[in-house]
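# Structure assessment
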Amino acid sequence: MNAIKTTKMSNFRWAICSLLFLATTINYMDRQVLSLLNTNYISLDFHWDNDDYGTITAVFSLFYAIVSLFAGKFIDWMGTKKGYISAIILWSIGACLHAGCGVATCWISDVDSMAVLKTMEKTSQMGLFGLTVSVWLFIGCRMILAMGESGNFPAAIKVTAEYFPKKDRALATSIFNAGASIGALVAPLSIPALADAFGWEMAFIIIGALGFIWAGLWLFIYTKPSKSKFVNASELLYIDSDEDTTPQPVADDTEDDGIKLSLIDCFKYRQTWAFIVGKLFTDGVWWFFLFWAPDYFNSLGYPVTTMTGKMLIFVLYLIVTVVSIYGGYLPKLFVEKRGMNPYAGRMRAMLIFAFFPIFAMFAQPLSGISPWIPAIIIGLAGAGHQSWSANLYSTIGDMFPKSAVATITGIGTMFGGLCSFAINKVSGVLFDYAETQGAAFTFFGETGKPAGYMIVFCYCAVAYLIGWCIMKALVPKYKPVITEN
């Protein structure tokens, strides 16, 4: 034992965390292409309105939710190596397929080219047919994208549980989860530029192809800690410092990490429902910011085709990235400095971050002063979400055995997707209605479409505090799931 303690510990777990970060970055860049190109590129070609775009994003969210229920179980069954590769290859294929929607719409509509389709009146029979066909084709591609992307977080959270002790999991999760912010940060600077240089179709292909490169890296680098040649005995001892017994080497990618829970069994525990509530109330907020921020700044007069529009999105997600990294470190401080157990530390941190989105209700009223004010406010709200999310994901590893981590993650993600479906579809319908009503539609001093945004921002402001209170009522104190094998 002394020999192990004096051996300098390797740090391969952080290399694995870096790969998770890259996968999440790619995941969110693939997800962002449509939102960044919708208003100034794609919608102009197909004559979409807010409701059409809202329908596409809502169906993506709904299908993502449905598939997520089974994605976690699939990852637990396949193992993290094969399961993760399968997920990223599938969503990369789905991302690239978006590029063919224009050609397919012309072929189905019997139109010579996209240029001809663009000149057709939306109210004409052919124009309406082309619009409808394009919406359905994009929905199909988004469903493939959703099916693959639903595996990202269950796999990443499972890998985190394999490679990190409980006290470090929130920090590791916040680091790889920052990939969502980095993806959203890089996207406005790169994707419109790619669309301008090569066309919006190539933007989908180039960003989508990044996933295939990552899959090759994962195939050759990842193994479980006990089988990895890059993990020495000292690091393995640290990784398994939560365990009561000394871990024994196991066959690569086998699942012997504790009790086995069926999908139905998972719903019997309050801990599962606490995680569900945390996702159900809050995931839609993040996805709303992700899908509608470009449109919001466009409505203020700053589309992503302008440098100011690009920089507004960039600054928004820069704030999210910088602040959210600290979100994973905060519970570590509570554990090490205050002597709290990991779950109590996480809940304390989540309560703090639940107050960040409250500022969202001031974004619209202050937008008239400067567009940078809502950019900063939404950035702080987004940072609150990402910090909340990193700690929320880590509660699964606190409560459940490693063999059930991906399954529980998938269940919670499903309910989070349902929230996203509702908020995106309602937003599309609400914005079109508010725009049509103009001054006749008012809310908190705002009129027309700005009043619609004000309504959604108000929900975003209170969602986290409501979710935290219900979670605390369901699981007041640390209580791991214990049952017979």
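See the structure above.
Figured I'd write up the structure that's included with this text.

Membership of the largest hydrophobic core comes to 135 residues, with the highest contact counts inside it found for Leu37, Ile42, Phe138, Trp200 and Phe288. Top element by residues in this core is helix H2 (residues 12-46). It accounts for 16 residues. Sequence-distant contacts of leucine 37, that is, excluding residues within four places in its chain, are made with Ile42, Ile191, Pro192, Ala195, Trp200, Ala203 and Phe204. Of all hydrophobic cores here, the second largest spans 5 residues; its members include Phe334, Met340, Ala349 and Phe353.

This part is about the environment of threonine 24. For threonine 24, the location among the structural elements is in helix H2. With 147 residues separating them along the chain, threonine 24 and leucine 171 place their C-alpha atoms 15 Å apart. Each residue touching threonine 24, except ones within four places of it in the same chain, is listed here: Asn152, Phe153, Phe176, Asn177, Gly179 and Ala180. At 2.9 Å, the side chain of threonine 24 forms a polar contact with the backbone oxygen of leucine 20.

Looking now at the packing of aromatic side chains. Throughout the structure, instances matching the rule amount to 44 aromatic pairs. An angle of 75° between the planes, with centres 5.9 Å apart, marks the rings of tryptophan 287 and phenylalanine 291 as edge-to-face. A residue pair is termed a helical-turn pair when its members lie 3 or 4 positions apart in one helix, as tryptophan 287 and phenylalanine 291 do in helix H13 (residues 270-299) at 4 residues. Note that arginine 31 overlies the ring of tyrosine 28, its terminal NZ or CZ placed 4.6 Å from the centroid. A cation sits over an aromatic face here: arginine 31 above tyrosine 64, 5.2 Å from the ring centre.

This paragraph deals with the state of the cysteines. Taken as a whole and judged by the stated rule, the model has 0 disulfides. Looking at cysteine 106, it has no disulfide partner, and the nearest cysteine sulfur is the one in cysteine 101, 11 Å off. For cysteine 458, which is in no disulfide, the shortest distance to another cysteine sulfur is to cysteine 460 and amounts to 9.0 Å. Judged by its relative accessible area of 15%, cysteine 458 is buried.

All right, on to the packing of helix H3 (residues 50-78) against helix H8 (residues 152-163) then. One way to put it is that H3 packs onto H8 with a least axis distance of 8 Å and a crossing angle of 35°. Our pair here, H3 against H8, has a crossing hand that is right-handed. Packed against H3, whose contacting residues are Tyr64, Gly72, Ile75 and Asp76, the element H8 presents Phe153, Pro154, Ala155 and Lys158 at the interface. Looking at side-chain class alone, the contact of H3 with H8 contains 5 nonpolar, 1 polar and 2 charged residues.

Turning our attention to the packing of H2 against H13. Contact geometry for H2 and H13: axes closest at 9 Å, N-to-C directions at 25°. Between H2 and H13, the angle is such that the two are roughly parallel. The handedness of the crossing between H2 and H13 comes out as right-handed. Every residue of H13 that contacts H2 at Tyr28, Arg31, Gln32, Ser35, Leu36, Thr39 and Asn40 is listed here: Trp286, Trp287, Leu290, Phe291, Pro294, Asp295 and Asn298. Considering only residue class, the contact of H2 with H13 consists of 7 nonpolar, 5 polar and 2 charged.

Moving on: helix H17 (residues 372-399). Its 28 residues give H17 an end-to-end C-alpha distance of 41 Å, which sits within 8% of 40 Å, the value for a rise of 1.5 Å per residue. Where burial is concerned, most of H17 is hidden: 24 out of the 28 residues are buried.

What follows deals with a positive patch on the surface. Together, Arg338, Arg348, Lys472 and Lys477 give the surface a local cluster of positive charge. By the secondary structure assignment, arginine 348 is in helix H15 (residues 342-354). Looking at arginine 348, the relative accessible area reads 36%, which means it is partly exposed.

Now for the pattern of salt bridges. Considering all chains together, one arrives at 7 salt bridges under this definition. In this structure, the salt-bridge partner of aspartate 283 is lysine 279, at a minimum N-O distance of 2.9 Å. Residue aspartate 283 and its partner lysine 279 are located together in helix H13, separated by 4 residues, close to a single helical turn. Among the residues examined, aspartate 283 registers a relative accessible area of 7% and is labelled buried. Among the salt bridges present, the one from aspartate 295 reaches lysine 449, with a minimum N-O distance of 3.1 Å. Here the residue aspartate 295 occupies a position in helix H13, and lysine 449 occupies one in helix H19 (residues 449-474), the gap between them amounting to 154 residues.

Okay, unusual backbone geometry next. The backbone of aspartate 110 sits at a positive phi, close to 60°, despite the residue not being glycine. Relative to the elements of secondary structure, aspartate 110 occurs in the loop between helix H5 (101-109) and helix H6 (114-119). By relative accessible area, which is 71% here, aspartate 110 ends up exposed. You will see that phenylalanine 444, though not glycine, has its phi angle at about 50°, which is positive.

Along the chain, the position of glutamate 446 falls in strand S2 (residues 446-447). Overall, glutamate 446 belongs to the buried group, its relative accessible area being 16%. Distance in space between the C-alpha atoms of glutamate 446 and glutamine 364 is 8.3 Å, their sequence separation being 82 residues. In contact with glutamate 446, not counting residues within four places along its chain, are Gln364, Pro365, Phe441, Ala451 and Met454.

Cut-offs used in this document
- Residues numbered from 1 in each chain as written.
- Predicted model: local features only at pLDDT ≥ 70, side-chain atom pairs only at ≥ 80, totals over all residues.
- Heavy atoms only, no water.
- Core = buried A, V, L, I, M, F, W, Y, C linked by side-chain atoms within 4.5 Å.
- Buried < 20%, exposed > 50% of the residue type's maximum accessible area, 1.4 Å probe, protein only.
- Helix = DSSP H or I, 4+ residues; strand = E, 2+ residues; numbered from the N terminus.
- Contact = heavy atoms within 4.5 Å.
- Polar contact = N/O pair within 3.5 Å; in protein donor to acceptor, adjacent residues only side chain to side chain.
- Phe/Tyr/Trp six-rings, centres within 6.5 Å; stacked < 30°, edge-to-face > 60°.
- Lys NZ or Arg CZ within 6 Å of the ring centre and 35° of its normal.
- Disulfide = S-S within 2.5 Å.
- Axes fitted to C-alpha atoms, helices over the stretch in contact; angles between N-to-C directions.
- Left-handed = near helix turned anticlockwise from the far one by under 90°.
- Nonpolar A, V, L, I, M, F, W, Y, C, P; charged D, E, K, R; others polar.
- Parallel < 35°, antiparallel > 145°, perpendicular 65-115°, else oblique.
- Expected span 1.5 Å × (residues − 1).
- Patch = residues over 30% accessible without salt bridge, like charges linked within 9 Å, V, L, I, M, F, W, Y side chains within 5 Å.
- Areas by Shrake-Rupley, 256 points an atom, 1.4 Å probe, with all protein chains shown as cover.
- Salt bridge = Lys/Arg side-chain N within 4 Å of Asp/Glu carboxyl O.
- Lys, Arg positive; Asp, Glu negative; His and termini not counted.
- Charge placed at Lys NZ, Arg CZ, Asp CG, Glu CD.

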